[in-house]
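The primary structure of each chain is shown beneath.
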Amino acid sequence: MVKRFEARQSAADVCVGGRSDMSLEGLRRTFREHVFYTQGRFPMGASRNDLYMALAYTVRDQLLHRWIRTVEQLGREDIKIVSYLSAEFLLGPHLENNLINLGLYEDVRRTAEEEGLDIQVLFDQEEEPGLGNGGLGRLAACYLDSLATLEIPAMGYGIRYEFGIFDQEIRDGWQVEHTDQWLRLGNPWEIARPEITYHVNFGGRTEPYEDEQGRYRVRWIPYRTVKGVAYDTPILGYRVNTCNLLRLWKAEAVESFEFEAFNVGDYYGAVDQKIYSENITKVLYPNDEPIQGKQLRLEQQYFFVSCSLQDMVRIYKLLGGDLSRFSSHFAIQLNDTHPAIGVAELMRLLVDENGMDWEPAWEVTCNTFGYTNHTLLPEALEKWPVDLFAGLFPRHMEIIYEINRRFLDEVRNRFPGDEDRVARMSLIDESGERYVRMAHLACVGSHAVNGVAELHTRLLKEEVLRDFYEMMPEKFNNKTNGVTPRRFVVLSNPGLSRLITGKIGETWVSRPEELRRLEKFVDDPAFREEWRRVKLENKKNLARLIRERTGIEVDPSSMFDIQVKRLHEYKRQHLNVLHIIALYNRIKQDPAYDVCPRTFIFGGKAAPGYFMAKRIIKLINSVADVVNHDSDVNGRLKVVFFPDFNVKNAKFIYPAADLSEQISTAGKEASGTGNMKFSMNGALTIGTLDGANVEIREEVGAENFFLFGLTAEDVTSLQKNGYQPMEYYRSNPELQAVIERISSGYFSNGDQELFSPLVDSLLFHDTFMLLADFGAYMDAQRQVEEAYRDQERWTRMSILNVARMGKFSSDRAIREYCKDIWKVEPVPVTLE
Ligand code: OX2
């Protein structure tokens, strides 16, 4: 059994220079010191940000010696390190989370109070690092939390975007994007490592040569070089000493280039070079599912992957490691295909830079990498035009051709005469314009390939990666996603956490299987009463925030029906809208219609260039305007679009939900993770058999889940047999009336054009089969209403949801990755 971090005193005993002193007095002194010495203020003159910074530094001091001790462990040759490569890490605010993980939350809150500070105000002051788009980036952040909590030596590697995901404002019902300036007031959580830098090359050409032993070699003569600088953020586990490292790379100009240009008098050229270099890590691409063909995006990917791999090779050599055993020291996970170029880069580092032969280098590479696929959407599978790719990375292109040549030989060996299969499996798509297929590169160069939910993995094997599964079934495995109960329950929902802990103790935080013990209280009316009280409090908090951010008054006793996630047609926010309009129509037809009072809450960002998604936001807001002000509705229905959904706001949203909308077209959402966050906070789910919904329903029980809609198989066969949305439209009068409301201009001041792209797309294409699912969705919503009217029944269902969600902790997911893919063990960290 691993040794846990127990007594605070023992940590204080080994404190360095007093700043690690965890006593109240020590914390108070450190805080004051930071106000004075770090921020340069007298307490009286300190701004809110000064106080936040001082508190952040006080907490960071607590992390530092744990961090240094952990990093010392990473420097042992005999341990294996997980290296999680991800273009996105959507961390959320650090301060509160670190306090919880340290076990200092209460002490610090009280100390702050005694100093006359409202700690919530200081929490609010923190800008969250929005270095991700949605599920994929947040998953990476949850996994870092769990890796540290499970005491696994691990590093996250990614990009230090100067501008993260844009801030969303809603103006006149439309999304307006503002640049995210998260670094504006400084970032107390990172430590710049200007001495840890690597050169990353781009463009140019390759050249063969003979080395001293007369062996054929290739060198890359690049056109330009950029410098990557490391910025480290400590990631502390829950109540353990393990404090792992997230290393993010910032691009800078290489000095020599500047000087060269400067020497020949080309001052502007030198500055251009600097701007060009720094551009690489300027901004996160705000697309949830990737866009094709953007050169800068490919440059970002290679830039961070190259820095990270060079870093690992340097660390390994420093330990005296022999590169032929690299894979016994590092397990590298590719978070989707964004870092997949790492396969070619590691080959280049081993073969070109370190003189290894191809075969052993290839073995090392395959043993090192694992690949997680996150999407089935064909348009989201990354591919890069060969010309673009070869122009930027001439040497990698050659390496990929060589990998491909050898791989296709194997394919031909296994499946003689099957040239169609060869073409399908090739790393190069040659069906039209030539592309490099990143998913194929990742599959071929990894020893393990996984999907993120059972259904998703099955569909990967059967469809998207079928040929690969047929040839190498042993590589494929499922790792159903999970989320961290620390941030998404303990931090977000203190009321519920207290209630649960009062009943079953606090071990559930690291062993959420134990939540099952709540089941026996489901028949206790007093417990159910308490459960409802907590939910009501959470709803009041959200109602307050909604009033503040949107001016809309909502009734906390109404059902809070929430859909928050990126805006995407496959996620079908507009199906939710169709239901709202149907209810509205019923009220208009009969103002005495007995509707269950509901507050529909939406939140989520649309990719700035995604026309339809932006139109859906406008539709939601337009419907809100009408419904919220209609005297026939009389406040019984309210519609809210909560602006700027992010990790910080999410804290108030998940705990306040009664109903969670997980209504994607079956077979489209790889897993979903919001679905888990809602259910862990006692919301009931209305959902399709898609992604992890399937497993959530299995766990919580079919009777505690509102299921509707086509299955993935139905969707495929309907598509095959020529889906006709119009047929569903014609046979459903209520659906007709709903569509008519929209297209008549009722929600757009008579403008019949505004929503016609949406309506036409539904009636004539309906790629995501809203019309086919509309009837079933309406029926399921009717059942929701019935259940909600019986509050005792609803509460039972809610309790059972929470009690049975243990499986979806990211700790469980990470344990599986460790055992099945990475083959790593916990290494407890001691403070001496
Ligand atoms: C998302 C998937 O869309 C979502 O279903 C999943 O839960 C999440 O990743 C984490 O696995 N970009 N974002 C995703 O996939 C891609 C590609």
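Residues numbered from 1 in each chain as written. Predicted model: local features only at pLDDT ≥ 70, side-chain atom pairs only at ≥ 80, totals over all residues. Heavy atoms only, no water.

Sites flagged by UniProt as "modified residue: N6-(pyridoxal phosphate)lysine" (unreviewed entry) map to Lys677. For Lys677, the location among the structural elements is in helix H25 (residues 674-680). Take Lys677: its relative accessible area is 5%, and that puts it in the buried class. Setting aside its immediate chain neighbours within four residues, Lys677 contacts Arg138, Val483, Phe488 and Tyr654. (UniProt positions renumbered as here; feature names shortened; annotations may be inferred. Helix = DSSP H or I, 4+ residues; strand = E, 2+ residues; numbered from the N terminus. Buried < 20%, exposed > 50% of the residue type's maximum accessible area, 1.4 Å probe, protein only. Contact = heavy atoms within 4.5 Å.)

A separate point is the pairing of strand E13 (residues 369-372). Where burial is concerned, the two faces of E13 agree: the one with Phe369 and Tyr371 and the one with Gly370 and Thr372 are both buried. Relative to E13, strand E12 (residues 330-335) is paired through four bridges, and the arrangement is parallel. By the bridge assignment for E13, Ile332 is matched with Phe369. For E13 and strand E17 (residues 448-451), the ladder comprises three bridges, and the chain directions are parallel. (Pairing = 2+ DSSP bridges.)

This part takes up the side chain of Lys605. Along the polypeptide, Lys605 turns up in the loop between strand E20 (598-603) and helix H23 (611-628). Taking the relative accessible area as the measure of exposure, Lys605 reaches 5% and is therefore buried. At 2.8 Å, the side chain of Lys605 forms a polar contact with the backbone oxygen of Phe166. Of the polar contacts made by the side chain of Lys605, one reaches the side chain of Asp644; its length is 3.1 Å. With residues up to four places along the chain from it excluded, the contact list for Lys605 reads Ile165, Phe166, Asp167, Gln168, Gln175, Lys565, Arg566, Leu567, Asp644 and Phe645. (Polar contact = N/O pair within 3.5 Å; in protein donor to acceptor, adjacent residues only side chain to side chain.)

If you walk through the whole model with that rule in mind, you get 29 aromatic pairs. With a centroid separation of 5.6 Å and an interplanar angle of 55 degrees, the aromatic rings of Phe527 and Trp531 are classed as tilted. A residue pair is termed a helical-turn pair when its members lie 3 or 4 positions apart in one helix, as Phe527 and Trp531 do in helix H21 (residues 525-550) at four residues. Look at Tyr817 and Trp822: their rings are 5.0 Å apart centre to centre, the planes differ by 25 degrees, and that puts the pair in the stacked class. In this structure Trp822 comes out as buried when scored by relative accessible area, which is 1%. Members of the aromatic cluster, connected to one another through ring pairs, are Phe202, Trp220, Tyr302, Phe389 and Phe393. Residue placement shows Arg421 over the ring face of Phe415; its charged tip is 3.9 Å from the ring centre. One Lys or Arg, Lys539, reaches over the ring of Phe560 and ends 5.1 Å from the middle of that ring. (Phe/Tyr/Trp six-rings, centres within 6.5 Å; stacked < 30°, edge-to-face > 60°. Lys NZ or Arg CZ within 6 Å of the ring centre and 35° of its normal.)

This part covers the nonpolar core. Counting 221 residues, the largest nonpolar core has Phe303, Phe326, Phe389 and Trp822 as its most contacted members. Ignoring any residue separated from it by four or fewer positions in sequence, one finds Phe303 in contact with Val200, Phe202, Val226, Lys227, Gly228, Trp249, Lys250, Ala251, Ile280 and Thr281. Within the second largest apolar cluster, 54 residues are counted, among which are Leu496, Ile504, Ile601 and Met676. (Core = buried A, V, L, I, M, F, W, Y, C linked by side-chain atoms within 4.5 Å.)

Bringing the sheet that holds E17 into the picture now. Taken together, the nine strands give an open sheet; going across it, the order is E7-E10-E11-E4-E1-E12-E13-E17-E18, and neighbouring strands pair in mixed fashion. Either end of the sheet is taken by a strand with one partner, and the two such strands are strand E7 (191-202) and strand E18 (476-478). When strand polarity is set aside, the average angle formed by the axes of neighbouring strands in this sheet is 25 degrees. As judged from the four bridges shared by strand E1 (residues 81-85) and strand E4 (residues 154-159), these two strands associate in the parallel manner. Looking at E4, one finds that Leu85 is bridged to Tyr157. Sheet strands in contact with helix H9 (residues 267-279) are strand E10 (224-236) and strand E11 (243-253), and its direction is about 150 degrees off that of E11. Contacts from helix H10 (residues 295-318) reach E1, E4, E7, E10, E11, E12 and E13, with the element oriented near 115 degrees to E7. (Axes fitted to C-alpha atoms, helices over the stretch in contact; angles between N-to-C directions.)

Applying the stated rule across the entire model yields 77 salt bridges. In this structure, the salt-bridge partner of Glu462 is Arg458, at a minimum N-O distance of 3.3 Å. On the criterion of helical spacing, the pair formed by Glu462 and Arg458 is a turn pair, its members being four residues apart in helix H17 (residues 454-464). Residue Glu462 is classed as partly exposed on the basis of its relative accessible area of 37%. When the shortest N-O distance is used, the salt bridge between Asp523 and Arg796 registers 2.5 Å. Placement of Asp523 in the loop between helix H20 (494-504) and H21 and of Arg796 in helix H32 (residues 791-803) is noted, with a sequence separation of 273 residues between them. Classification of Asp523 as exposed rests on a relative accessible area of 53%. (Salt bridge = Lys/Arg side-chain N within 4 Å of Asp/Glu carboxyl O.)

With respect to spatial proximity, 16 residues lie near the ligand, and among them Asp288, His374, Asn481, Glu669 and Gly672 are the closest. A distance of 2.6 Å separates an oxygen atom of the ligand from a polar atom in the side chain of His374. Out of a free accessible area of 400 Å², the ligand has 97% covered by protein chains. Class assignment of the residues belonging to the shell around the ligand gives a composition of five nonpolar, seven polar and four charged. Split by domain, the residues of the shell around the ligand number at least three in each of domain 2 (80-91 + 128-168 + 175-480 + 818-822) and domain 3 (485-709 + 774-808). (Near = heavy atom within 4 Å. Areas by Shrake-Rupley, 256 points an atom, 1.4 Å probe, with all protein chains shown as cover. Nonpolar A, V, L, I, M, F, W, Y, C, P; charged D, E, K, R; others polar. Domains from an automatic or database assignment.)

This paragraph deals with the domain arrangement of the protein. We note that the domain assignment places domain 1 (1-76 + 94-126), domain 2 (80-91 + 128-168 + 175-480 + 818-822) and domain 3 (485-709 + 774-808) within the protein. Averaged C-alpha coordinates put domain 1 and domain 2 at centres separated by 34 Å. If you look at the interface, domain 1 gives 30 residues, while domain 2 gives 32 residues. The contact between domain 1 and domain 2 buries some 2,700 Å² in all, and 63% of this surface belongs to carbon and sulfur atoms. Our enumeration of links across domain 1 and domain 2 arrives at zero salt bridges. At the surface where domain 1 touches domain 2, the tally comes to nine residue pairs in polar contact (both at pLDDT 80 or more). Elements supplying a minimum of two residues to the side of domain 1 that touches domain 2: helix H3 (48-74) and helix H4 (95-102). (Buried area = accessible area lost by both parts, 1.4 Å probe.)

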